[in-house]
Amino acid sequence: MNILKFGGTSVGSIESISALLRIIAKHNQQPEKPVIVLSAMSGVTNLLTAMAEKAALGQDYTSELKAIENRHFEVVRALLPAVAQNPVLTKLKLYFNELEELLQAIYNLNELSLQAKDLVLSYGERCSTFMVSQIAKRQFPEALFADAAQFIKTDSNFGQAKVDAQLTALLVRDFCTQNAEKLLFVTGFIASNEANRVTTLGRGGSDYTAAILGSALNAQEIQIWTDVNGMMTADPRIVKKAFPLTELSYIEAMELSYFGAKVIYPPTMTPAFLKKIPIVIKNTFDPDFEGTYIRHGAKASAFPIKGISSIDEISIINLAGSGMVGKAGFSGRLFSLLSREQINVVLITQSSSEHSITFAVKPSDAVKAVELISKEFDLELQAQKLQEPEVEDGLSVLAIVGENMKRTPGISGKLFHALGRNGVNVHAIAQGSSEYNISVIIAKSDLSKAVNAVHDAFYTELNKTLNIFCLGTGNIGKTLFRQLQDQMPFLAANNDLQVRVMGISNTRKMLLLPEGIALENWAGELADQGEPADLALFVEKMKAMNLPNCVFVDNTASADPIPYYKGVFESNISVVTCNKIGNSGSFEQYEDFKDTARKFGVDFYYETNVGAGLPIIRTLKDLMMSGDKLTRIEAILSGTISYIFNNFKGSSGFYETVKEAQELGYTEPDPRDDLNGKDFMRKMLILARDAGYALEAEDVKIDNILPEACLNAATVEDFYVELQQNAAYFEELKNRAEAEGKVLRYIGKLEDGKVAISLQMVDESHPFYMLSGSDNIISFTTDRYNNRPMVVKGPGAGAEVTAAGVFSDIINVGTLN
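Below: a short report on this structure.

Parameters and conventions
- Residues numbered from 1 in each chain as written.
- Predicted model: local features only at pLDDT ≥ 70, side-chain atom pairs only at ≥ 80, totals over all residues.
- Heavy atoms only, no water.
- Buried < 20%, exposed > 50% of the residue type's maximum accessible area, 1.4 Å probe, protein only.
- Helix = DSSP H or I, 4+ residues; strand = E, 2+ residues; numbered from the N terminus.
- Pairing = 2+ DSSP bridges.
- Phe/Tyr/Trp six-rings, centres within 6.5 Å; stacked < 30°, edge-to-face > 60°.
- Lys NZ or Arg CZ within 6 Å of the ring centre and 35° of its normal.
- Axes fitted to C-alpha atoms, helices over the stretch in contact; angles between N-to-C directions.
- Contact = heavy atoms within 4.5 Å.
- 1 Å grid on protein atoms, 1.4 Å probe; cavity = no way out; pocket = protein on both sides within 12 Å on 5 of 7 lines; lining within 4 Å.
- Points joined across faces, edges and corners; volume = space filled by probe spheres on them.
- Nonpolar A, V, L, I, M, F, W, Y, C, P; charged D, E, K, R; others polar.
- Patch = residues over 30% accessible without salt bridge, like charges linked within 9 Å, V, L, I, M, F, W, Y side chains within 5 Å.
- Areas by Shrake-Rupley, 256 points an atom, 1.4 Å probe, with all protein chains shown as cover.
- Salt bridge = Lys/Arg side-chain N within 4 Å of Asp/Glu carboxyl O.
- Core = buried A, V, L, I, M, F, W, Y, C linked by side-chain atoms within 4.5 Å.

Within strand 9 (residues 279-283), 5 of the 5 residues are buried, leaving the element largely enclosed by the surrounding structure. Of the two faces of strand 9, the one carrying Ile279, Ile281 and Asn283 and the one carrying Val280 and Lys282 are both buried. As judged from the 5 bridges shared by strand 7 (residues 221-226) and strand 9, these two strands associate in the parallel manner. Its bridge partner lying in strand 9, glutamine 223 is registered against valine 280. As paired elements, strand 9 and strand 10 (residues 292-294) share 3 bridges and run antiparallel to each other. The residue bridging isoleucine 281 from the neighbouring strand is threonine 292, located in strand 10.

Moving on: the packing of aromatic side chains. Here the structure, examined in full by the defined rule, presents 31 aromatic pairs. Seen in terms of ring centroids, phenylalanine 303 and tyrosine 459 are 4.9 Å apart; in terms of plane orientation they differ by 65 degrees. Their pairing is edge-to-face. Here phenylalanine 303 is found in the loop between strand 10 and strand 11 (307-320), whereas its partner tyrosine 459 is found in the loop between helix 14 (447-458) and strand 17 (464-471), with 156 residues between them in sequence. A residue is classified by how much of its surface remains accessible, and phenylalanine 303, at 16% relative accessible area, is buried. On the basis of relative accessible area, tyrosine 459 is assigned to the buried category, the value being 0%. Ring centres of phenylalanine 335 and phenylalanine 359 lie 5.7 Å apart, and the angle between their planes is 80 degrees; on these two criteria the pair is classed as edge-to-face. Here the residue phenylalanine 335 occupies a position in helix 10 (residues 330-340), and phenylalanine 359 occupies one in strand 13 (residues 356-361), the gap between them amounting to 24 residues. Among the aromatic residues, those joined into a cluster by ring pairs are Phe552, Tyr565, Phe569, Phe593, Phe604 and Tyr606. Sitting over the face of the ring of tyrosine 95, lysine 91 holds its NZ or CZ atom 4.8 Å from the ring centroid. Sitting above the plane of the tyrosine 123 ring, arginine 126 keeps its charged end 5.0 Å from the centroid.

Spatially, 12-13-11-14-16-15 is the arrangement adopted by the 6 strands of the open sheet, whose pairing is antiparallel. The sheet is open, and its two borders are formed by strand 12 (347-350) and strand 15 (426-431), each paired with just one other strand. Within this sheet the neighbouring strands show an average axis-to-axis angle of 30 degrees, counted without direction. Here strand 14 (residues 390-401) runs beside strand 16 (residues 437-443); their pairing, made up of 7 bridges, is antiparallel. Bridge pairing in strand 16 places leucine 398 opposite valine 440. Its contacts with the sheet put helix 14 on strand 11, strand 14 and strand 16, and the angle it makes with strand 14 is roughly 25 degrees.

This part takes up the layout of surface pockets. Which parts of space are left empty comes out when a probe the size of a water molecule is rolled across the atoms. There is about 1500 Å³ of room inside the second largest pocket. Forming the walls of the second largest pocket are 49 residues, and the residues nearest its centre are Ile476, Thr556, Ala557, Lys580 and Glu668. Of all the elements in the fold, those that place two or more residues in the lining of the second largest pocket are helix 15 (475-494), helix 20 (608-611), helix 22 (639-647), helix 24 (672-675), helix 25 (678-690) and helix 29 (799-815). Broken down by element, the residue count for the lining of the second largest pocket peaks at 4 residues, all from helix 25. The residue makeup of the lining of the second largest pocket, split by class, is 16 nonpolar, 23 polar and 10 charged.

With that settled, the discussion passes to a nonpolar patch on the surface. Taken together, the side chains of Ile251, Phe273 and Leu274 define a hydrophobic patch exposed on the protein surface, amounting to about 290 Å² of accessible area. A relative accessible area of 66% places leucine 274 in the exposed class.

Turning our attention to the environment of lysine 66. Within the secondary structure, lysine 66 is located in helix 3 (residues 62-79). With relative accessibility at 45%, the residue lysine 66 sits in the partly exposed group.

Bringing the nonpolar core into the picture now. Core analysis: the biggest nonpolar cluster contains 70 residues, and Phe552, Phe654, Met684, Leu687, Phe719 and Leu723 have the highest contact counts within it. Among the elements that make up this core, the one with the highest residue count is helix 25 (7 residues). Counting 53 residues, the second largest nonpolar core, distinct from the first, contains Leu38, Ala40, Val76 and Ala143.

What follows deals with the environment of isoleucine 308. Examined against the element boundaries, isoleucine 308 turns out to sit in strand 11. Through-space distance from the C-alpha of isoleucine 308 to that of glutamate 255 is 9.9 Å; in sequence the pair is 53 residues apart. Apart from the residues lying within four places of it in its own chain, the contact partners of isoleucine 308 are Thr233, Ala234, Asp235, Leu256, Leu398, Ala399, Ile400, Val451, Val454, His455 and Tyr459.

This brings us to the sheet that holds strand 27 (residues 754-762). Taking strand neighbours across the sheet as the criterion, the 6 strands line up as 25-27-26-24-28-29 in an open arrangement whose pairing is mixed. This sheet does not close on itself; its edge strands, each paired only once, are strand 25 (701-702) and strand 29 (790-795). In terms of strand pairing, strand 26 (residues 743-751) meets strand 27 through 9 bridges, oriented antiparallel. Bridge assignment links glycine 748 to a residue of strand 27, and that residue is isoleucine 757. Here helix 21 (residues 617-625) sits on the sheet in contact with strand 24 (630-636), strand 28 (775-782) and strand 29, set at roughly 10 degrees to strand 28.

Attention shifts here to the environment of serine 652. Tracing the backbone through its elements, the reader meets serine 652 in the loop between helix 22 and helix 23 (654-663). With a relative accessible area of 30%, serine 652 lands in the partly exposed category. Here the alpha-carbon distance between serine 652 and serine 331, two residues 321 residues apart in the chain, equals 91 Å. Those residues in contact with serine 652, other than ones at most four positions away along the chain, are Asn647, Thr657, Glu731 and Lys734.

Quick look at unusual backbone geometry now. One non-glycine residue with positive phi stands out, namely asparagine 110, at about 50 degrees. By secondary structure assignment, the location of asparagine 110 is in the loop between helix 4 (82-109) and helix 5 (114-137). The phi angle at glutamine 342 is positive, at roughly 60 degrees, despite the residue not being glycine. One can find glutamine 342 in the loop between helix 10 and strand 12.

The structure is reproduced here in structure tokens:
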């Protein structure tokens, strides 16, 4: 036979009770009838508590009482025919009258004892269980309402009573034997002491009732029916990718439940554990789902951990001083004191020097605990052998749990890497010698980020999520969004990676959404829902969202975002940028960005600073990391200048070639912005710095392509006039090169720590001789690539390739860590 326990949500509405009856009908076909254990309707226990507290304070509680009464009456009227309603409504009304009298007594006395509170709370389970049993009688005539206070016996510790297991087992078996043909509907949560006074088993005690009955009756299994598909890998309200666990050992389930997994009440498992009775967590609203089995001999998981659990609010108390060192019995004295005063210690950690002890308690117990410690250790405090106890509030506990942890090296390393990379500071750590659990105490504000980051780290078969915030919606920005949208299915299938755009800003509007921005309609969402753009506010909101695996993407050419980079790194957010202004500013700034990113364990990727989508910076880094020695770098890193000199040949004049380049969109509105070599200079400067040279912009020698008259022209039209007037100068350069069998190339060179950019004539033996179109090209001459340099060649400009380079950098943040 089975024990079926239904929680508050399963008896909380007309629809859920109908579903419950269908489940019972299926189980009632078995040879032995199940025993049904019911909780109060969802929310009723909280209302009963509030009513009792209001009554003790002399406040009005009648509206809550009426609300509870109406909920029960509505269910009866909906699920029973009119002819059958009156007896049920009458009995329920008697219960509510008794409850009202009890509350009135509390009101008159202005006092709420634990005994009185237990009696008040018991009406939640009594009313729901009686109501459902009478509704069930229409379908199951053998249904019988059973008040568990008749046969579950406890001590008189009201509010958290301890069960007399031996006596209870005898009474349960006797009651069930006498009613062997009945379908029993038993109240959860409540019991009675030897004087037959009502006691309760603690919050969540209906699960405990089910386990007590299961143990006494040697049930085949205990089913806990709730509103989720079993125990999850993490709280699904925090981790959207959490999934149900098919199987857990008793110890794993106990650990997860103790640290906040609210699906099952921790003591529930003890009676089942002793009898090796499986516990199954099932979903009332999805009864065909297999759920989670908690059993002896659970199979090993394919994952290194079974689940991640957490306690939202916790306080820690730090106790330190020389009077603790080598003092036998100090810890026993401390924790015996707390135990006597009913203060539950959640977690303990002690330094190996014995100089300090840190322990965690509920925030509501923290002040009382400090007062007790100060009183107990008054002499030690006066003698300054102990420091005053320190309380830290606003904290949470995160715990990873699993039997596999004992046999798997590197679990702690993976946990702390995931936390550290996302800027989560650990206040305290605890791990038992069993290695089933590693618990850390962190700031409550970091809990959501931490749980998601740890979930991504351990459940690698799921997609890791990158949360990106993008500046700039010009050609590169909008192309990046299209590429991301097109490539999402491939990334999920082949790289186990999901990229969510959480924020977008341009110079006009900005939008940040907690659920992410749909890429198929990003422009519409930005236009309709966006607020006026404010870069400082955008960065502040990004930090406040406090998401794991965050990337700040700068797709602008503006100097405005650069001052925010350092603060972004310090918030443990990686930066990907195609904006070269930051890295080509002062060397001090360049070095500060690098050092800050390294210090906070985040990435700073800027491949597109130099060659758009070409792998130039990555190639240089790989050469140096592998121990190769750089001799020389030669490069053409301007698509505009490349196009102009690749086409300035034969009968083409320089004026006509520049004009054509502008008409094709290769140049800036003022071609001098390309031809003055400053953009080229920034790229060579970044390369030189990445090669290890501490250079400033003024250290780069630039030979002007243009005569002074062209550079100094007042307008673009005047510039073109000067270009025509200086046609002979350019023709002479072209003719001299052609006469020598060479071509003109504007080349940047890094050699011996010096950078120079100059117009050169190269012959067919040079790797740049055959360059065409607007391609960029770079050659690395090193110890290994000496006689034949390594050459990287391809498009060095354009929205498609630049966006692809940014995209690649974003993916590297997600896959290289």
